[in-house]
Amino acid sequence: MKKRILIIGASGQIGTELTARLRKLYGNHKVVATDIRESDSTIVSEGPFEILDAMDSEAIQDVVIQYEITEIYLMAAMLSATAEKFPMKAWNLNMTSLFNVLQLAKENKIKKVFWPSSIAVFGPTTPPINTPQNTIMEPSTVYGISKQAGERWCEYYFNRYGVDVRSIRYPGLISYTTQPGGGTTDYAVDIYHKALKHKKYISFLSAKTTLPMMYMDDAIKATIGIMEAPKESIKIRNSYNLSAMSFNPEEVSESIKKHIPEFEIDYKLDFRQKIADTWPQSINDDQARKDWGWKHKFSLDEMTQIMLDNLR
Ligand code: AKB
């Protein structure tokens, strides 16, 4: 059967870049981009685009049938900070959208599913340094709880119904094309915008709050990499740890200062500090490297160079 991909949440931070990369790989018409809102980017002009609500199972099924979809990347979700403001809405969106897609795979209407998990599945009782693949997971945020429940459901659908679902636990993601929305790691994107615009940034996380992070190119490579890997090599059907680098606001600020010496950072902590305090500082991703050949490329300084060059 020929590959035809559906991306749900294609206008978001990851969806935008994922759509572009998949279209380059497989051809524009093979990748159907959908989102609840219209996007003004090339996503709409360069290939098929449909308005689609991830909560609407019938609408998703219609698109799957219309375009003869074989795989779905489900990128729609409410992230950690917004989810704390709208707990029930976040739970409903994050879980219903996943069930909608898993169900289509269970009914054999599609062959493969990608669903993103997050470092938010870990919590205050998790070992925070070099966090192992299998460890204590007691998330204390709504987003983290929904991602952990999602992981369990993915594994359940694989074990019980043979659904080929693949997942990675994204760290904070940084890119210059699209802004993130509603996450705790969003500062690591905003800081570059503000550095160029105002030469100053006020961080909502403290100087020493170290979190696992990744440049978007690496995240896209991992996402497509796990989906392209032979089925037998995917040994974990809940979600894979994934790591590239770890840094804190002070360290990004030092990296920016190498290009903009007058850059200043100040700190005004808000509710997101509490969320960050429950997440690991670094992640052990040996299993992903061993099972399907994951390898990261970008370091903090390389990313800073790219971010500043492109945002300029
Ligand atoms: C967030 O901050 O909520 C996300 C994530 C780490 O999943 N970027």
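These numbers were taken from a predicted model, which means no experiment stands behind them.

A. Representation of the packing of helix α9 (residues 249-257) against helix α12 (residues 300-311) within the structure. Axis separation between α9 and α12 bottoms out at 9 Å; the angle between their running directions is 60°. On the basis of their axis angle, the class for α9 and α12 is oblique. Where α9 crosses over α12, the handedness of that crossing is right-handed. Contacts between α9 and α12 involve Glu 251, Val 252, Ser 255 and Ile 256 on the former and, on the latter, Leu 300, Asp 301 and Thr 304. Across the contact of α9 with α12, the residue classes break down as 3 nonpolar, 2 polar and 2 charged.

B. Examining the pairing of strand β2 (residues 31-35) more closely. In terms of burial, β2 is a largely internal element, 5 of the 5 residues being buried. Of the two faces of β2, the one lined by Val 31, Ala 33 and Asp 35 and the one lined by Val 32 and Thr 34 are each fully buried. Bridge analysis of strand β1 (residues 5-8) against β2 gives 4 bridges, and the strand direction is parallel. In the strand pairing of β2, Ile 5 is matched with Val 31. Between the parallel elements β1 and β2, the chain passes through helix α1 (residues 13-26) in a crossover that is right-handed. The pairing of β2 with strand β3 (residues 49-51) spans 3 bridges and is parallel. Across the sheet, residue Ala 33 finds its bridge partner in β3, namely Phe 49.

C. Spatial organisation of the site of the ligand. For the ligand, the full set of nearby residues is Leu 79, Ser 80, Ser 118, Ile 119, Tyr 143, Gly 183, Thr 184, Thr 185 and Trp 279. Here an oxygen atom of the ligand and a side-chain polar atom of Ser 80 are 2.5 Å apart. The contact in question runs from an oxygen atom of the ligand to an N or O atom on the side chain of Ser 118, over 2.7 Å. With the chains in place, 93% of the 260 Å² that the ligand exposes on its own is no longer accessible. Under a 2 Å grid-point criterion requiring more than half of the atoms, the pocket assigned to the ligand is the largest pocket. Lining the shell around the ligand are residues from two domains, each supplying at least three of them: domain 1 (5-124 + 137-169) and domain 2 (172-213 + 244-311).

D. The arrangement of helix α3 (residues 57-66) in detail. Three or more residues of α3 are buried, namely Ala 59, Ile 60, Val 63 and Val 64. Down the axis of α3, the sector holding all buried residues measures 140°, keeping them to one side. Projecting away from the buried face of α3 at angles above 90 degrees are the exposed residues Glu 58, Asp 62, Ile 65 and Gln 66. Taken together, the buried residues of α3 touch β1, β2, β4 (71-74) and α5 (87-106). Trailing α3 by a residue or two, Glu 68 shows a phi angle of about 50°, which is positive.

E. Representation of α1 in the model. For α1, which comprises 14 residues, the first-to-last C-alpha distance of 21 Å matches the rise-based estimate of 20 Å (1.5 Å per residue) to within 8%. Looking only at α1, the buried set comprises Gln 13, Ile 14, Gly 15, Thr 16, Glu 17, Leu 18, Thr 19, Leu 22 and Arg 23. Gly 27 occupies a position one or two residues after α1 and carries a positive phi of about 105°.

F. A look at the packing of aromatic side chains. Tallying each qualifying case throughout the model produces 11 aromatic pairs. With a centroid separation of 4.8 Å and an interplanar angle of 70°, the aromatic rings of Tyr 215 and Phe 298 are classed as edge-to-face. Placement of Tyr 215 in strand β11 (residues 211-215) and of Phe 298 in the loop between α11 (286-292) and α12 is noted, with a sequence separation of 83 residues between them. Judged on exposure class, the residue Tyr 215 and its partner Phe 298 are both buried. Here the guanidinium or amino end of Lys 89 rests over the ring plane of Phe 86, the centre of that ring lying 5.5 Å away. One Lys or Arg, Lys 106, reaches over the ring of Tyr 161 and ends 4.4 Å from the middle of that ring.

About the cut-offs
Each residue is numbered by its place in its chain's sequence as written, counting from 1. Totals for whole chains, interfaces and linings use all residues, but because this is a predicted model, local features are given only for residues with pLDDT of at least 70 and pairs of side-chain atoms are given and counted only at 80 or more. Each side-chain value is worked out from all heavy atoms of the structure, with water and hydrogens disregarded. To obtain each axis, a line is fitted to C-alpha atoms, and for helices this fit is confined to the stretch in contact; angles are then taken between N-to-C directions over 0 to 180 degrees. Only DSSP runs of H or I reaching four residues or more are called helices, and only runs of E reaching two or more are called strands; each is numbered from the N terminus. For classification purposes, angles smaller than 35 degrees are called roughly parallel, those larger than 145 roughly antiparallel, those between 65 and 115 roughly perpendicular, and all remaining angles oblique. For any pair of crossing helices, the crossing counts as left-handed if the nearer helix is rotated counterclockwise from the farther one by less than a right angle, and right-handed if it is rotated clockwise. For this analysis, residues touch if any pair of their heavy atoms sits within 4.5 Å. Residues are grouped as follows: nonpolar covers Ala, Val, Leu, Ile, Met, Phe, Trp, Tyr, Cys and Pro; charged covers Asp, Glu, Lys and Arg; every other residue, Gly included, is treated as polar. Three labels apply to residues, based on accessible area from a 1.4 Å probe with only protein chains included: buried if under 20% of the type maximum, exposed if over 50%, partly exposed otherwise in between. Strand pairing follows a simple DSSP-based rule, namely that at least 2 bridges must link the two strands. We call a crossover right-handed when, viewed with both strands directed away from the observer, the connection leading from the first strand over the helix to the second proceeds clockwise. Nearness is defined per residue: one heavy atom within 4 Å of the molecule or strand is enough. By the criterion applied in these results, polar contacts are pairs of N or O atoms within 3.5 Å in which, for protein atoms, one can donate a hydrogen and the other can accept it, and in which residues neighboring in sequence qualify only through two side-chain atoms. Using a 1.4 Å probe, accessible areas were evaluated by the Shrake-Rupley method; residue-level cover was limited to the displayed protein chains. We place a 1 Å grid over just the protein atoms. Points where a 1.4 Å probe fits but has no way out form a cavity, open points with protein on both sides within 12 Å along at least 5 of 7 lines form a pocket, and any residue with an atom within 4 Å of a point lines it. For a cavity or pocket, the test is whether more than half of a molecule's atoms lie within 2 Å of its grid points; if they do, the molecule sits there. The domain boundaries here were taken from an automatic or database domain assignment. Arc definition: it is the arc formed by the directions from the helix axis to the C-beta atoms. To estimate the expected span of a helix, count its residues, drop one, and scale the result by 1.5 Å. Pairing of aromatic rings covers Phe, Tyr and the six-membered ring of Trp, with a centre-to-centre limit of 6.5 Å; geometry is then stacked below 30 degrees between planes, edge-to-face above 60, and tilted otherwise. Definition used: whenever NZ (Lys) or CZ (Arg) falls within 6 Å of the ring centre and also within 35 degrees of the ring normal, the charge is taken to sit over that ring.

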